[in-house]
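# Topology and contacts: notes
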Protein chains: 2
Amino acid sequence: METIEIGLLGLGVVGSGAVRTLEENREAIERKVGARVRIKRIAVRDTKKPRMVDVDPALLTDDVGAVLDDPGIRIVCELIGGVHPAREYVLRAIENGKSVVSANKELIAKDGHEPMHRASEQGVDFMFEGSVGGGIPIIQAMKSALAGNRITEVKGIVNGTTNYILSRMTEEGAELADVLRDAQASGYAEADPTNDVEGYDAQYKIAILSSIAFTSRVDTTKVYTEGITRVTAHDIEHAREMGYVIKLLAIGKSAGEDAIQVRVHPALVREGQPLASTLGPFNAILLRGHAVGDVLFYGQGAGMMPTGSAVVGDIMDVCRNILHGSTGRIACTCFQNKRLLPIETVVTRYYIRMYVSDRPGSIAAIAGVFGRHNVSIASVRANAPGSVDAHDTAEAIWVTHNVLEADIRSALAELQTIPEVRSVENWLRVEE
Amino acid sequence: METIEIGLLGLGVVGSGAVRTLEENREAIERKVGARVRIKRIAVRDTKKPRMVDVDPALLTDDVGAVLDDPGIRIVCELIGGVHPAREYVLRAIENGKSVVSANKELIAKDGHEPMHRASEQGVDFMFEGSVGGGIPIIQAMKSALAGNRITEVKGIVNGTTNYILSRMTEEGAELADVLRDAQASGYAEADPTNDVEGYDAQYKIAILSSIAFTSRVDTTKVYTEGITRVTAHDIEHAREMGYVIKLLAIGKSAGEDAIQVRVHPALVREGQPLASTLGPFNAILLRGHAVGDVLFYGQGAGMMPTGSAVVGDIMDVCRNILHGSTGRIACTCFQNKRLLPIETVVTRYYIRMYVSDRPGSIAAIAGVFGRHNVSIASVRANAPGSVDAHDTAEAIWVTHNVLEADIRSALAELQTIPEVRSVENWLRVEE
């Protein structure tokens, strides 16, 4: 049996998961692939640091060149994250004729085109199943088994941290700040939670998914991204009373031949729907294809072993290509450059919570403004005065039919100026 | 761009779905693959029969040799079903150096080893994503992206017809015979529903899934198979009152290094769980891997376009292998021959419904028999007398803790002989 040597860049959470997955199932993995798979070197910043997994200390090096430039190493696993210097390392590995496996969502979302293009030219593989959805095999499915489909929509819950926070806010009626503090203490959220809470992690992931689904490059700076910081326990409670839960959704939709809509924002999702039932650290991704219809994938979206499992799956795939001389067999499929539509072109339903003057005619006046902006109202519920501090103020919850986001925005702008509206407290999209 | 010619055997539901998927998305498919994909011939029994899809009549032939022996055809899609003559056609295509794509679950479950083995020897592909779960990309996921995992369990709802029937029985409180008649009239069940209703279709599918999951051959004749004919509206109602729904489950479990448990039977599933929420013609398949944890796949498990989508995905994969000279890159992974454990070794919970003599001491006597057979009772509920026709008879519903199936069987055998038990009406497994 031939031996294929691989090198790792990074031995953090994902690297450790990959090493452990490989060690714990080595015999079956090698038999499936038809080759011995040997980790030759692991480049880390600090070779003395304690590791989450047992590795021979002789494998560790603080010299990335020992991985990137070793002619014996056929596969480089880039597991350090971030754009720089990961990008330069990946390109150097490819120039050196090595295939690359990466779980680096930020690099692939922001700058994946160049390594993919260079890998094609060099006839090597560049794979990144672990970059989205942890162990959920969504990227390979779109590139291969479902590749015959014209995909019209890809949508899901792709960030476990915010899903965990929203799940706990829902269960406990707690506010974000309190749950976040607790999540940080127990390791479910990072010390600097910006990337998760502000939606950037989900942005990278939906950019990657959309680029594959719609065979198009996706400029992440044009992906509308709104995190969960505006979601309050109060909104979650109102949603619940109407039969909805609030989730951070990442959505990509086809909009005709040459345009797509890609966005990340919290949304009300109908209870009982699969996305609504996705709790805690789980991810769920729904694909809609012209032939296959709806297919849902559900699993742990992050973590050492799930993501490690995806990295090992990619390593096995590259190994098979190496043995058959077919590295580069699935090249970049983002051969289009579709227009990303601005958020104002979205058509969906909206939930709007406001404080209104508690006088006869208030609701009629507000409804009039909505109407003049083409916003059709599905329901309005005004709570009794006294539900808020001021005596002459009531809370009103509006839910619209499908309307254009530009219209809802202009309606809300005008509503802030009329005396019947004390304040627009929040507004969220409703995704049916 | 190179042209790859393919031939079809059969142009029924799945064949038509494959042709339509290909035609409707041809440009993107060819660009992804990097080759023109051309259907050269389609062998059918009756070239004059009306078809569900428009094809050039000149492509049709009633001579299978025109497909199997044409040296220009690189890929043969076997879409006729059944073991014979499909098996002989597949082997002839492989001998002729062609790769084969099949959606024939019966052939692959009963006799898939030989074509896979011959394909390996010939260095061609034999792919069958469409054989299980329609368009759900479960087979490829196990063979590739999740291949690093030691899978401990694969379980699901893999037969849409019985799931549709059970869903309607649950919604309407109707009996099987009535729903079945209606399902046949509306095309959801076949004129001869044996294959679905008796669980054979699910048996083939779980045999295929288990063989890949556990890298072992699976002898279908040793797969315990029980259909849905014993499930009554009455049982569904009792299950509902306890918070369960009844589903036809197909289950494969690893049992140590060299044994597996593979079975098909109706079971009580806790409401709110993903499998319980799988309604109508949908399929759901849950995988449990040592690294990835639980991953759930959900989608339409049958039908023209979903299965056609899977066939086209396989065709694209073979095309890429042809272009890169790497056909045969994923060979058969069933390199073990694990023992299939008999049903008596299953350990699970049980639901038992019986008519009992309505006298003080009856329940105690029955509980005593259960106890002597190591059957530990979780709950028993005896309905008031008069709930059944005879005045001195009550209905008792027992639910056990986890017990050995051999013990439940011996307990039930003894219970049928004691005077306190009028009749054991039904018993079903509970899958938590």
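Residues numbered from 1 in each chain as written. Chains lettered and ligands numbered in written order. Predicted model: local features only at pLDDT ≥ 70, side-chain atom pairs only at ≥ 80, totals over all residues. Heavy atoms only, no water.

### Re the environment of Ser-376 of chain A
Residues and elements named next belong to chain A. Looking at where Ser-376 falls in the secondary structure, it is placed in the loop between α14 (362-372) and β15 (377-382). A relative accessible area of 34% places Ser-376 in the partly exposed class. In sequence terms Ser-376 and Asn-402 are 26 residues apart; their C-alpha atoms lie 7.5 Å from each other. Apart from the residues within four sequence positions on either side, Ser-376 is in contact with Thr-400, His-401 and Val-403. (Helix = DSSP H or I, 4+ residues; strand = E, 2+ residues; numbered from the N terminus. Buried < 20%, exposed > 50% of the residue type's maximum accessible area, 1.4 Å probe, protein only. Contact = heavy atoms within 4.5 Å.)

### Examining the pairing of strand β9 (residues 244-254) of chain A
All names here are of chain A. Most of β9 sits inside the fold, with 9 of its 11 residues counted as buried. Relative to strand β10 (residues 259-270), β9 is paired through 11 bridges, and the arrangement is antiparallel. From the neighbouring strand, Lys-253 faces β10, where its bridge partner is Gln-261. Connecting the antiparallel pair β9 and β10 is a turn made up of 4 residues, with Gly-256 showing a positive phi of about 85°. (Pairing = 2+ DSSP bridges.)

### Concerning the domain arrangement of chain A
Residue and element names in this part refer to chain A. As far as domains go, chain A holds domain 1 (2-134 + 304-323), domain 2 (139-300) and domain 3 (343-431). For domain 1 versus domain 2, the separation of C-alpha centres amounts to 27 Å. Facing the 14 residues of domain 1 at the interface are 16 residues of domain 2. Sorting the residues of domain 1 by area buried against domain 2 places Lys-105, Ala-109 and Val-132 first, and these three jointly supply 37% of that buried surface. (Domains from an automatic or database assignment. Buried area = accessible area lost by both parts, 1.4 Å probe.)

### Re the sheet that holds strand β5 (residues 99-102) of chain B
Within a sheet, each strand pairs with its neighbour through backbone hydrogen bonds, oriented either parallel or antiparallel. All names here are of chain B. Read across the open sheet, the 6 strands follow the order β3-β2-β1-β4-β5-β6; overall the sheet is parallel. For this open sheet the edge positions go to β3 (60-61) and β6 (126-127), each flanked by a neighbour on one side alone. In terms of strand pairing, strand β2 (residues 36-43) meets β3 through 2 bridges, oriented parallel. Bridged to Ala-43 within β3 is Thr-61.

### Details of the pairing of β5 of chain B
Residues and elements named next belong to chain B. The side-chain alternation of β5 yields two buried faces, one formed by Ser-99 and Val-101 and the other by Val-100 and Ser-102. Pairing between strand β4 (residues 73-78) and β5: 4 bridges, direction parallel. Each residue of the ladder has a partner; that of Glu-78, found in β5, is Ser-102.

### Considering the interface of chain B and chain A
Counting residues at the interface gives 52 residues for chain B, matched by 52 residues for chain A. Counting every contact that joins chain B to chain A gives 2 salt bridges. Viewed at the interface, chain A and chain B are joined by 28 residue pairs in polar contact (both at pLDDT 80 or more). If you tally residues by element for the side of chain B that touches chain A, the top one is helix α13 (residues 304-323) of chain B, at 10 residues. Looking at side-chain class alone, the side of chain B that touches chain A contains 21 nonpolar, 21 polar and 10 charged residues. One ladder, built from 5 bridges, connects strand β12 (residues 293-300) of chain A with strand β12 (residues 293-300) of chain B; its direction is antiparallel. Residue pairing for β12 of chain B: Gly-299 of chain A is matched across the bridge by Val-295 of chain B. (Salt bridge = Lys/Arg side-chain N within 4 Å of Asp/Glu carboxyl O. Polar contact = N/O pair within 3.5 Å; in protein donor to acceptor, adjacent residues only side chain to side chain. Nonpolar A, V, L, I, M, F, W, Y, C, P; charged D, E, K, R; others polar.)

### Things to note about the sheet that holds strand β3 (residues 60-61) of chain A
Residues and elements named next belong to chain A. Spatial strand order, β3-β2-β1-β4-β5-β6: 6 strands in an open sheet with parallel pairing. The outermost strands of the open sheet, each flanked by one partner alone, are β3 and β6 (126-127). Pairing of strand β1 (residues 2-9) with strand β2 (residues 35-43), which is carried by 8 bridges, proceeds in the parallel orientation. Counted as the bridge partner of Leu-8 is Ile-42 from β2.

### Let's talk about unusual backbone geometry
At the junction of His-84 of chain A and Pro-85 of chain A, the peptide bond is cis and its omega measures out at 5° in the coordinates. Note on placement: Pro-85 of chain A falls in the loop between β4 (73-78) and α4 (86-95). Backbone geometry places Thr-215 of chain B, a non-glycine residue, at a positive phi of 45°. Here Thr-215 of chain B lies in the loop between α11 (200-213) and β8 (224-225).

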